[in-house]
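Remarks on the overall topology
As a plain string of letters, each chain reads:
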Amino acid sequence: MGYEPLHHATPPAPPRRDDWWRGAVIYQIYPRSFQDSNGDGIGDLKGITARLDHVAGLGVDAVWISPIFKSPMKDFGYDVADYCAIDPIFGTLKDFDALRERAHALGLKVLLDLVPAHTSSEHPWFKESRASRDNLRADWYVWADARPDGSPPNNWLSVFGGVSWQWEQRRRQYYLHNFLKEQPQLNLHNPEVVEALLAAAQFWLERGVDGFRVDAVDWSVHDPKLRDNPPRRRAGVSSGSAAGSPFEMQLQRYNKARPELAELLLKPLNALTERYGGRMLLGEISGEHALRRAADYTSGGGLDMVYTFDLLTCPFTPGALRAVGRTLGRSIENGWFCWSFANHDVRRPPSRFAGSEAPEGLRRLVPVLLCTLRGTLSIYQGEELGLEEAELAHGELRDPFGIEFWPAFKGRDGARTPMPWHHAQPHGGFSTAKPWLPLYRPHLVRAVDLQEQDPQSVLNTLRRFLAWRRQEPALRRGSMSFPRAGEKLLVVRREHEGREILAAFNMSGEPCVWQAPAAAVPAFACGGHDQRGRRFTLEPWSAVFLAHAA
């Protein structure tokens, strides 16, 4: 059995009346590591508010803030104990209101993470559900009897290692958890659960948020028959799991990406957000057929756009990027996509693409190339500085994923270390106290205050590019194609209403010659080049943009 499209019992979700997010640039903030305002070593809401001028100065359109809800922090906020409360380590609802107000004053939209697939085991819903088989919330989570031999109900495996079932003595049943055992799976086949999630979303909509990044959305609905997953013929598909984990040996056919997802969650959530006007939904999906599902989920399925792990895990080569772009282009139709090279779950791009000694040109090129693609773009904090992955000792890890699979997989902490704001201040200006994760000392040479002074820094290059991009509708809304080029070159064509942008990227460490199709004057350059008529010699890790009438 291959891809199963979404099931539609009701009409597809209509297009948004306000689609400001098409072609927008989103800046992701990981709040624990952005800015500490109270000296406890953990970033917080007041810290974010204090740094919003930096974010707005990049020229982005919105901020996405990773979870700030009340949580035991087993998975650092993705284990929610109260959807409508701010965790005290981040501040208060009043602090959030001040953040939202300041962001809006700077012209920034505010997106929050919504986690519909699971809660914390400390959530009051789960505490009640696990108490007995006949209480009011007994069916709010996924419970199942043991097999006759006492083993779990089926063969499903957790992303974070081991089986995805945990025995609960009080009910004498297993409950499902696709991640940590402290993250029990919600049962969205129960309409009461969906209504409770919608009420939580409405709470934040009433407080003025502009939309949600919907975490692990394709994990939200399970197969109620609890059928066994089939084996995977080949491992290594972009599933978001640790390399070498048994999880990779299964096709996640029945525990995720179920065709009922649109009717149970996505369309109701779309209808709720549409009532508020100008809101949007960005979904995270992973695994098999993710690019095909991107089209399905956004072409009337209920989400406005999705991002997948395809670009987060593919090699930084022209051929690999063309393959992802063309595959998506063949399927996306009226849907919309969000591109990202980085987030809080993957190794930082310079290290992923070029190892520990990534050249400066590559660091400049990565965010510029990203923001050339057709879609909405997501930049992760520190990407504007060209930060590499932080190397941490085992004793410094906080990520349960990394602790479980060390040393073959070092987890996600290397992408979550504190932002370096001031090269000469303690802890890089992030905090006056020892941070929750150590500030990676090699990052200090890439601190914001140093890059501010260098016109050719990653920071200033990206600022100039986004300022130019904002004035070019072809880069925000135009079509995209990939003209033929050599092995070292990626050429991207964007067209909109008679305006054409043609960008050539030298994605190698050697000079590369590009013969432009017509004479033109460069409109923007990233790195150096030599031009003789239509012939451009691009320096290593550089790009040139031509703009003219199509």
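Overview of the structure. (Residues numbered from 1 in each chain as written. Predicted model: local features only at pLDDT ≥ 70, side-chain atom pairs only at ≥ 80, totals over all residues. Heavy atoms only, no water.)

Right, let's get into the overall build of the chain. Scanning the chain from N- to C-terminus turns up 15 helices and 21 strands. A globule of 550 residues ought to have a C-alpha radius of gyration of about 24 Å, and the chain, at 23 Å, matches this closely. Oriented by its inertia axes, the alpha-carbon framework of the chain measures out at about 80 × 55 × 45 Å. Classification of the 550 residues of the chain by burial places 63% in the buried group. In the chain, 68% of the contacts between residues at least 6 apart in sequence involve partners at least 24 apart. Working note: accessible area of the chain is about 20,500 Å², and carbon and sulfur atoms make up 51% of it. Side chains of the chain give 66 positive and 65 negative charges; the mean places of these two sets differ by 3 Å. (Helix = DSSP H or I, 4+ residues; strand = E, 2+ residues; numbered from the N terminus. Rg over C-alpha atoms; globule rule 2.2 N^0.38 Å. Buried < 20%, exposed > 50% of the residue type's maximum accessible area, 1.4 Å probe, protein only. Contact = heavy atoms within 4.5 Å. Areas by Shrake-Rupley, 256 points an atom, 1.4 Å probe, with all protein chains shown as cover. Lys, Arg positive; Asp, Glu negative; His and termini not counted. Charge placed at Lys NZ, Arg CZ, Asp CG, Glu CD.)

A separate point is the packing of helix H11 (residues 360-370) against helix H14 (residues 458-470). Interhelical geometry of H11 versus H14 gives an angle of 30° and a closest axis separation of 9 Å. Between H11 and H14, the angle is such that the two are roughly parallel. Pair H11 / H14 crosses with right-handed handedness. Contact with H11, carried on its side by Glu360, Arg363, Arg364, Pro367 and Val368, involves Val458, Thr461, Leu462 and Phe465 of H14 and no other residues of that element. A class-by-class count of the residues in the contact of H11 with H14 yields five nonpolar, one polar and three charged. (Axes fitted to C-alpha atoms, helices over the stretch in contact; angles between N-to-C directions. Parallel < 35°, antiparallel > 145°, perpendicular 65-115°, else oblique. Left-handed = near helix turned anticlockwise from the far one by under 90°. Nonpolar A, V, L, I, M, F, W, Y, C, P; charged D, E, K, R; others polar.)

So, about the pairing of strand S19 (residues 529-532). Bridge count for S19 against strand S20 (residues 535-538) is four bridges, and the pairing is antiparallel. Pairing of glutamine 531 across the sheet is with phenylalanine 536, part of S20. (Pairing = 2+ DSSP bridges.)

When charged atoms on two side chains of opposite charge get close, those side chains can pair. Scanning the model with the defined rule gives 38 salt bridges in all. Between glutamate 274 and arginine 17 there is a salt bridge, and its shortest N-O distance comes to 2.6 Å. Highlighted residues: glutamate 274 in helix H6 (residues 261-274) and arginine 17 in the segment before strand S1 (25-29), separated in sequence by 257 residues. Exposure remark for arginine 17: the relative accessible area of 66% places this residue in the exposed category. Between aspartate 61 and arginine 470 there is a salt bridge, and its shortest N-O distance comes to 3.3 Å. One end of the pair, aspartate 61, is in the loop between helix H2 (52-58) and strand S2 (62-65); the other, arginine 470, is in helix H14, and 409 residues separate them in sequence. One salt-bridge network, held together by shared partners, links Asp75, Asp345, Asp399, Arg412 and Arg416. (Salt bridge = Lys/Arg side-chain N within 4 Å of Asp/Glu carboxyl O.)

Before going further, it helps to spend a moment on the nonpolar core. Within the largest apolar cluster, 125 residues are counted, with the highest numbers of intra-cluster contacts made by Phe212, Phe316, Phe505 and Phe545. Broken down by element, the residue count for this core peaks at nine residues, all from helix H5 (residues 191-206). Setting aside its immediate chain neighbours within four residues, phenylalanine 316 contacts Leu321, Phe341, Phe353, Leu362, Leu365, Val366, Leu369, Met507 and Trp541. (Core = buried A, V, L, I, M, F, W, Y, C linked by side-chain atoms within 4.5 Å.)

Turning next to the packing of helix H7 (residues 290-298) against helix H9 (residues 318-332). H9 packs onto H7 with a crossing angle of 35° between their chain directions and a minimal axis gap of 8 Å. Read as a crossing pair, H7 and H9 show a hand that is right-handed. Counting all contacts with H7, which are made through Leu291, Arg292, Ala294, Ala295 and Thr298, the residues of H9 involved are Val324, Thr327, Leu328, Ser331 and Ile332.

Burial along strand S8 (residues 173-176) is two-sided: the residues Gln173 and Tyr175 and Tyr174 and Leu176 are all buried. Taken together, the two bridges between strand S6 (residues 143-144) and S8 define a ladder with antiparallel strand orientation. Within S8, the position partnered with alanine 144 by the bridge is tyrosine 174. When strand S7 (residues 165-168) meets S8, the two strands line up antiparallel, connected through four bridges. Considered in S8, the bridge of tryptophan 165 is made with leucine 176. Two successive antiparallel strands, S7 and S8, enclose a turn made up of four residues, where arginine 172 displays a positive phi of approximately 55°.

Before going further, it helps to spend a moment on the state of the cysteines. Taken as a whole and assessed by the stated rule, the structure comprises zero disulfides. Take cysteine 526: it sits in no disulfide, and the sulfur closest to it among the cysteines is that of cysteine 371, at 11 Å. (Disulfide = S-S within 2.5 Å.)

Let's shift gears to the sheet that holds strand S11 (residues 305-307). One open sheet accounts for eight strands, arranged S11-S10-S9-S5-S2-S1-S13-S12; its pairing is parallel. The open sheet has two free edges, formed respectively by S11 and strand S12 (338-339), since each of these has just one partner strand. In terms of strand pairing, S2 meets strand S5 (residues 109-114) through four bridges, oriented parallel. In the strand pairing of S5, isoleucine 65 is matched with leucine 112. Sheet contacts for helix H3 (residues 93-105): S2 and S5; angle to S5, the most-contacted strand, approximately 140°.

In this section: the packing of aromatic side chains. Taken as a whole and judged by the stated rule, the model has 35 aromatic pairs. With a centroid separation of 5.0 Å and 85° between ring planes, the pair formed by phenylalanine 203 and tryptophan 204 is classed as edge-to-face. Exposure remark for tryptophan 204: the relative accessible area of 1% places this residue in the buried category. Following the ring pairs from residue to residue traces out a cluster consisting of Phe160, Phe179, Trp219, Phe247, Phe401, Phe405 and Phe409. Above the ring of tryptophan 20, the side-chain terminus of lysine 109 is found at 5.2 Å from the ring centroid. The ring of tryptophan 140 has arginine 137 sitting right over it, with the charged end atom 4.6 Å from the ring centre. (Phe/Tyr/Trp six-rings, centres within 6.5 Å; stacked < 30°, edge-to-face > 60°. Lys NZ or Arg CZ within 6 Å of the ring centre and 35° of its normal.)

Before going further, it helps to examine the side chain of glutamate 263. In this fold, glutamate 263 is placed in helix H6. At 3.1 Å, the side chain of glutamate 263 and the backbone nitrogen of alanine 9 are in polar contact. Look past the residues within four positions of glutamate 263 in its chain and what remains in contact with it is His7, His8, Ala9, Thr10 and Pro268. (Polar contact = N/O pair within 3.5 Å; in protein donor to acceptor, adjacent residues only side chain to side chain.)

The next point concerns the environment of arginine 412. Structurally, the position occupied by arginine 412 is in the loop between helix H12 (400-405) and helix H13 (448-452). The contact partners of arginine 412, leaving out residues within four places of it in the chain, are Asp75, Phe160, His344, Asp345, Asp399 and Phe401.

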